[in-house]
Every structure is written in structure tokens, then in C-alpha cells.
Amino acid sequence: MNPPAPTLPLISQHELQAMAYSDPLTGLGNKYRLRDKIKLLAAERAADPAPFAVGIVNIDGFKPINDLFGAHAGDEILCQVAHRLKACMMDGSIVTRHDGDEFAFILPLIFERSGAERVGQMIKDVLSAPYDLGDRNVRLSSSFGFAIHPFAGEEFEDLMKSAETALYRSKRRGRGQITVYSREIAQEMKRATQLEQALRNAIISDTIDVHFQPIVRLADSTVIGFEALARWHDPDLGFVPPDVFVPLAEERGFIDALSETLLRKAAETALSWPRELFLSFNLSSAQLMDPSTAANILSSLRRVGLDPRRLELEITETAVMSSADTAQRIISELQHAGVRISLDDFGTGQSSLGRLRDFTFDKVKIDRAFVSRISTDRPSEHIIKAIVAMCDGLDLEVVAEGIEDGSEAEKLRGLGCAMGQGYFYGRPADAASTRRYLHDSYRVASADLN
Ligand code: C2E
Ligand code: CA
Ligand code: CA
């Protein structure tokens, strides 16, 4: 005889339906509910074609919360987020939970970009207040992607895909960003992905080149070193400037691989120059946040056989600022091995004189923006004068960047600036041309001596 069937608590049809459409953790609707709601709204709007918006919000840096404080703390935050989102919703809007730390909402009364951005900003502020975990508070930022129906997709799947694309772009740009999908943004993302693929291939096939621009002593125009500048010519994309592909490599997390090939090539070339010439190499800001940078650079130099005392590394203030302790450690370690550090693009960005005291730089490079205005603009002249005087007092060397003609060189010499660089002295050129240039100028120099 069969055992009696266990008696199940009776669940009504209504309750079953509610369960299928809700998220058990937060009690919000789930993605089936979102889908139905969007389909319904789209059908309603077919007769009255007013646009509406959907948004997706994702909590930045949520995963470490689970790892650090446990899944319970993560759940607690998700419930608090759900609660806050619900309180933000206006008439006719609903919020649902997708997966993990991703929530979605429909805004029936928002029909264009600025409206979506305004709502995004408001929700972002609400979500940025501290979360109470009993024994501690945590603060988290959030990223947003919006899509407007019907422009960003008429069907549910297409519309959500557009919102996801917008969210992905926000995430790529850092924390706390808001993006509303548009065709241009989709194009931009596609281009970036193509560029990324091509760049990865170029690194693997070792086709990124390094050019060298002379740095001279202004008193007699003799070359004292070269700055290495990355050059990439892709067969399909054409010439891509370094201030496009270097940030892309940083953003997509392969700046180490790129920088390592560049340094290797630059250092190999420098080996063929007279020993007294230095090589100046640009370090990207992401590398100053990575504690392994100093060891990587020193081992590259060892492999190539270049004396660390012939290397200068150019870094920017923004890089130093974003992670000051790590940056300071990297700098000290490199300086200990004999590498010298220059502060690049000085005078632009968020220059702080305090940083010159807190960090032990060897050299300051005055940004081209001041140099290019020196002939026409008195304030620029005074600024350069002040930078030179200050660097003298702090025992720092000074290089003026972007010297394009003789009168600028003359003026800078008059202001006491010891070194310079720019098209007037030489444009960046490949390794072979650089060797010829050196060969010629050294021949001239030795002929002068005879
Ligand atoms: P930067 O370090 O400030 O480099 C100087 C830029 O000014 C170079 O542009 C150079 O070609 C240009 N330049 C030099 N003299 C003159 C002049 O007289 N007039 C004008 N108008 N421009 C001049 P480039 O090579 O396009 O590099 C742009 C930026 O890309 C660099 O700015 C640097 O931030 C970055 N970069 C280049 N190569 C590398 C690299 O190997 N690694 C890293 N991390 N960044 C690099
Ligand atoms: Ca530089
Ligand atoms: Ca510079």
C-alpha cells in the first residue's frame, strides 16, 4: 500500500503567481514582473506613442562586501537598497531586482535624456548614504544605465539590452556614473571594443613602436637624453595616438603588458646611445597604483642590461594623488635603485605645491601650455619664472616642454630654465633616425672640439 501523500499547505493560485513574480530576498518584483510591466506599458503606448524610460542600477564594489563581511551583510545591504529604491519611485513607477546587486525600474513619465539623468542623480544620492550593518556603516556608490522606449528598442529584450549597454559604459568610466543609451554611445562602445581587440593583437604581435624625442640643454642645445613616446599604426584603423590607446589599455587592464614591451624596446634602443644620455619613459597612472611596478621595471632593465641610473620615469600628479602611499613606495624603491623621477605636465591639472615637498622628485617638466603662450602672454612668463625659482630652491631640475621656435627657447633661457624639449629641437623619431641624428650631432660636436 502506498503511504499517504504528504499534506502540503494550500497555496492559492494568487499566491503562486505572486511567488513566481517576486524576489524572495527583498520582496520586490523580479525580472518576469519587469518584463510583463514593460510589455503592458509598451502596448498601452502603442495607441498613444509617448516614450518612457527604463533604468538599471548596479551597486559599485558590492562583491567585496560579501567577501569581507559575509553573505548576511550583503543581503542586509540589498534589502536596504530595495527599501530606498522603493521610496524613490514616483507614481506609476516600479522597481524590481534582477540578479545579485542589480535592480531595474520603469519610469513611465520620463521620456528623454535629461529627465532620466535627473532621476538617476536623485537615486544615486539616495543610495550613497551610509548603510547600517549594526556594528558598522558602509558607503557604496552606484552606476546607472537608462534606455528610452521606443528609440532604444521596442521589444523588451532589445530595450533591456540597450540599458545594459548604457550601464556597461557607466561602469567602464568609473564609479557613480550615469549613462542614457543613444546610438552614438553604442557606436562609441563598438569602436572602443574594436580598438581594444586591435591593440591586444598589436601587443601580442609586437607591432607597437617607440619613437624618441630629444631633450636638450638650453645653454648650448646639446642633447642630454630622449623621451620615449609610443607609436601605433594599425593596418585598418590607421594611426592611433598614444593618448587614445594608453588610457584604453589602462581601462581594460593590460597596461602592464603594453608598458613592458614599450620599456623593453626603449631600453634596448638606449643601449646603443652614448652612455651619458638618459632615457625618459612615461609611466601610466594605473602603474603607480600597482605595488609590483618597481620590481617589474627593474627586472626589465636587468634583462635588457640598461643601467637604472640612465632611466628617468615621467609621472603625473593625478597618478601620484590617486593612491599616494603606494605611489610613494614605488617611487622610493625605484630611486633607491638609481632611477630618477620627473613630474610630467607640471602646472596643469590639480597642481599642488605641497606635493613637490611631500614627494621626492628629481625633475619637473613644465607643461607645453605655458611654453606655447610665453611669447604672447605675460602671466605665462611669470608662472614659468616662479616655477624655475621654486625648483631651484627645492633642488629640482626643470625641463620646458613643447618649444616650437627659437624665440621661445631664447626666452626660456633668459628665465633660467636649464633644459628643453620640443619640435624646435626635434620631433619624435624612430630608433634608426634617432641613431643617425646622434651620429650626426656627435660628429659635429667632436669636430667642434678639434
Ligand atoms: P606627454 O608625456 O606630455 O608627451 C609629450 C607630447 O607632446 C607628445 O605627444 C609629443 O609628441 C608632443 N610634443 C612634443 N614636442 C612638441 C611641440 O613642440 N609641440 C607640440 N604641439 N607637441 C609636442 P604624443 O607622443 O602624442 O603623446 C601624448 C601623450 O601620450 C604623452 O604626453 C603621454 O602622456 C602619453 N604617452 C605617450 N607615449 C607613452 C608611453 O609609452 N607610455 C605612457 N604611459 N604614456 C605615453
Ligand atoms: Ca611625458
Ligand atoms: Ca608632458
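Here the structure is a predicted model, which is why all the values come from computation and not from measurement.

Regarding the coordination of the calcium ion (ligand 2)
Okay, step 1: For the calcium ion (ligand 2), every protein donor is listed as Glu227 (OE), Asn282 (OD1), Glu314 (OE) and Asp344 (OD), and the spread of their distances is 2.1 to 2.4 Å.
Okay, step 2: Here the donor residues of the calcium ion (ligand 2) are spaced in sequence according to E-x54-N-x31-E-x29-D.
Okay, step 3: Separating the calcium ion (ligand 2) from the calcium ion (ligand 3) is a gap of 3.8 Å, which Asp344 spans by donating to each of them. Residue Asn282 is located in strand β11 (residues 278-282), and its partner Asp344 is located in strand β13 (residues 340-346); the two are separated by 62 residues in the primary sequence.
Okay, step 4: According to the relative accessible area criterion, Asn282 is partly exposed, its value standing at 27%.
Okay, step 5: Overall, Asp344 belongs to the buried group, its relative accessible area being 7%.

Looking at the sheet that holds strand β6 (residues 142-149)
Backbone hydrogen bonds are what pair the strands of a sheet, in a parallel or an antiparallel way.
Okay, step 1: Ordered by their spatial adjacency, five strands build an open sheet running β2-β3-β1-β6-β7, and the pairing between neighbours is mixed. On the outer flanks of this sheet lie β2 (94-97) and β7 (178-180), each paired with one strand and no other. Adjacent strand axes in the sheet meet at a mean angle of 20°, parallel and antiparallel pairs treated alike.

Some words on unusual backbone geometry
Okay, step 1: Cis peptide bonds are those with omega within 30 degrees of zero, and the linkage from His149 to Pro150 qualifies with 5°.
Okay, step 2: Along the chain, the position of Pro150 falls in the loop between β6 and α6 (156-172).
Okay, step 3: Located in the positive-phi region is Asp206, a residue other than glycine, with phi close to 60°.
Okay, step 4: A positive phi is found at Ser221, a non-glycine position, where the angle reads about 60°.
Okay, step 5: Locating Ser221 in the fold gives a position in the loop between β8 (209-217) and β9 (222-234).

A closer look at the coordination of the calcium ion (ligand 3)
Okay, step 1: Of the protein atoms, only Asp344 (OD), Asp345 (OD), Glu401 (OE) and Glu401 (OE) coordinate the calcium ion (ligand 3), at distances of 2.2 to 2.6 Å.
Okay, step 2: Glu401 gets classed as buried once you look at its relative accessible area, which sits at 11%.

Structural notes on the domain arrangement of the protein
Okay, step 1: By the assigned domains, the protein splits into domain 1 (23-181) and domain 2 (197-449).
Okay, step 2: Averaged C-alpha coordinates put domain 1 and domain 2 at centres separated by 44 Å.

Observations regarding the packing of aromatic side chains
Okay, step 1: Scanning all chains against the criterion turns up seven aromatic pairs.
Okay, step 2: Ring geometry for Phe105 and Phe146: centres 5.8 Å apart, planes at 65°, overall edge-to-face. Here Phe105, found in strand β3 (residues 102-107), pairs with Phe146, found in strand β6; they are 41 residues apart in sequence, far enough to count as distant. Here Phe105 and Phe146 have matching classes, each one buried.
Okay, step 3: Seen in terms of ring centroids, Phe144 and Phe146 are 6.2 Å apart; in terms of plane orientation they differ by 5°. Their pairing is stacked.
Okay, step 4: Since its relative accessible area comes to 0%, Phe144 is described here as buried.
Okay, step 5: An aromatic cluster is built from Phe212, Phe226, Trp273 and Tyr437, whose rings are joined through pairwise contacts.
Okay, step 6: Its end group placed over the ring of Tyr131, Arg84 keeps NZ or CZ at 3.9 Å from the ring centre.

Rules used throughout
Residues numbered from 1 in each chain as written. Chains lettered and ligands numbered in written order. Predicted model: local features only at pLDDT ≥ 70, side-chain atom pairs only at ≥ 80, totals over all residues. Heavy atoms only, no water. Donors = N, O, S within 2.8 Å, 3.2 Å for Na, K, Ca; no water. Helix = DSSP H or I, 4+ residues; strand = E, 2+ residues; numbered from the N terminus. Buried < 20%, exposed > 50% of the residue type's maximum accessible area, 1.4 Å probe, protein only. Pairing = 2+ DSSP bridges. Axes fitted to C-alpha atoms, helices over the stretch in contact; angles between N-to-C directions. Domains from an automatic or database assignment. Phe/Tyr/Trp six-rings, centres within 6.5 Å; stacked < 30°, edge-to-face > 60°. Lys NZ or Arg CZ within 6 Å of the ring centre and 35° of its normal.

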